[in-house]
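Structural characterization, general
Take a look at the letters that make up each chain.
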Amino acid sequence: MPHAPYLMPKLIEWDSLQIRVNGDKVNEIASRFRVDPIERMTLRFFNGLLRVEGSLKKFISVPFTVDIAEILADGTTIRVPVKSASAFGAIPIPRFLFTLAKSRLPREMITFEEPATFVIALDRFLPTFVSADIQSIWIIDGGLAVTMGRGGADLP
């Protein structure tokens, strides 16, 4: 029976790692994946809250805010449930409208699950010589705190 990639012997191995992810760098990466009709998007990291602020262009520019209170990790799959969303600062955006964005997402990286949950496959971002098992992700001031489970790396 084949072993899971993170159980195969590696040159460097770990049982657990605590990693911080810089929110400014995440913001740079996220801005590259902006899709129409979104014209502007910024991620702001607070302790226990990730706020996505931006605007979309539909005849007029419509400002929006999306709040994310948790990020769920399982191996290299990350689920990001939307806690709330509003337009013009106060008008709630119904969750079913997120399904309209589903067809515009870069499917090789991000998919969408009901109810209003974005799913990110991190394997695409990991080098082939690294195996990882993400156990938890906490939203902290200025970024993310990530706990990695058992994993390892070989020479590239």
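Refer to the structure printed above.
Sequence order as written defines residue numbering, which begins from 1 separately in each chain. pLDDT decides what is reported in this predicted model: residues at 70 or higher carry local features, side-chain atom pairs at 80 or more are listed and counted, and totals for whole chains, interfaces and linings draw on all residues regardless. Side-chain descriptors were evaluated using all non-hydrogen atoms of the structure, hydrogens and water having been removed beforehand.

1. Digging into the sheet that holds strand β12 (residues 130-131)
Ordered in space as β1-β15-β12, the three strands form an open sheet in which the pairing is antiparallel. Because the sheet does not close on itself, it has two edges, and the strands there are β1 (12-14) and β12. The pairing of β1 with strand β15 (residues 151-153) spans three bridges and is antiparallel. Paired with Trp14 across the two strands is Gly151, which belongs to β15. The rule for pairing is simple: two strands pair if DSSP sees at least two bridges between them. Only runs of H or I of at least four residues qualify as helices and only runs of E of at least two qualify as strands under DSSP, and these elements are numbered from the N terminus.

2. Some words on the sheet that holds strand β13 (residues 134-140)
If you trace the three strands from one edge of the open sheet to the other, you get β2-β14-β13, paired in antiparallel fashion. The sheet is open, and its two borders are formed by β2 (17-22) and β13, each paired with just one other strand. Ignoring which end each strand starts from, the neighbouring axes of this sheet average 20° apart. Summarising the sheet, β2 and strand β14 (residues 143-148) pair through six bridges and their orientation is antiparallel. Pairing of Asn22 across the sheet is with Gly143, part of β14. We call two residues in contact when some of their heavy atoms are within 4.5 Å. Convention adopted: a line fitted to C-alpha atoms gives each axis, helices being fitted over their contacting stretch, and angles between N-to-C directions are expressed from 0 to 180 degrees. Where helix α1 (residues 23-32) meets the sheet, it contacts β2 and β14, and its direction lies at approximately 60° from that of β2.

3. Considerations on the nonpolar core
Core analysis: the largest hydrophobic core is formed by 28 residues, its most contacted members being Val66, Ile68, Ile71, Ile137, Ile139 and Leu144. Mapped by element, the contributors of at least two residues to this core are β3 (38-46), β4 (49-58), β5 (60-68), β7 (77-81), β10 (110-113), β13 and β14. When residues no more than four places from it in sequence are discounted, the contact partners of Ile137 are Ile71, Ala73, Ile78, Leu144, Ala145 and Val146. By convention a nonpolar core is built from buried Ala, Val, Leu, Ile, Met, Phe, Trp, Tyr and Cys residues, the set being connected through side-chain atoms within 4.5 Å. When accessible area is computed with a 1.4 Å probe and restricted to protein chains, residues below 20% of their type maximum are described as buried, those above 50% as exposed, and intermediate ones as partly exposed.

4. Examining the pairing of β5
Across nine bridges, β4 lies against β5 in antiparallel orientation. By the bridge assignment for β5, Ser55 is matched with Pro63. Between β4 and the antiparallel strand that follows it, β5, lie one residue; Phe59 among them carries a positive phi value of about 65°.

5. What about the environment of Leu17?
Of note, Leu17 is situated in strand β2. Residue classification places Leu17 among the partly exposed residues on the basis of a relative accessible area of 31%. It is 8.1 Å that separates the C-alpha atoms of Leu17 and Val146, two residues lying 129 residues apart in sequence. Look past the residues within four positions of Leu17 in its chain and what remains in contact with it is Val146, Thr147 and Met148.

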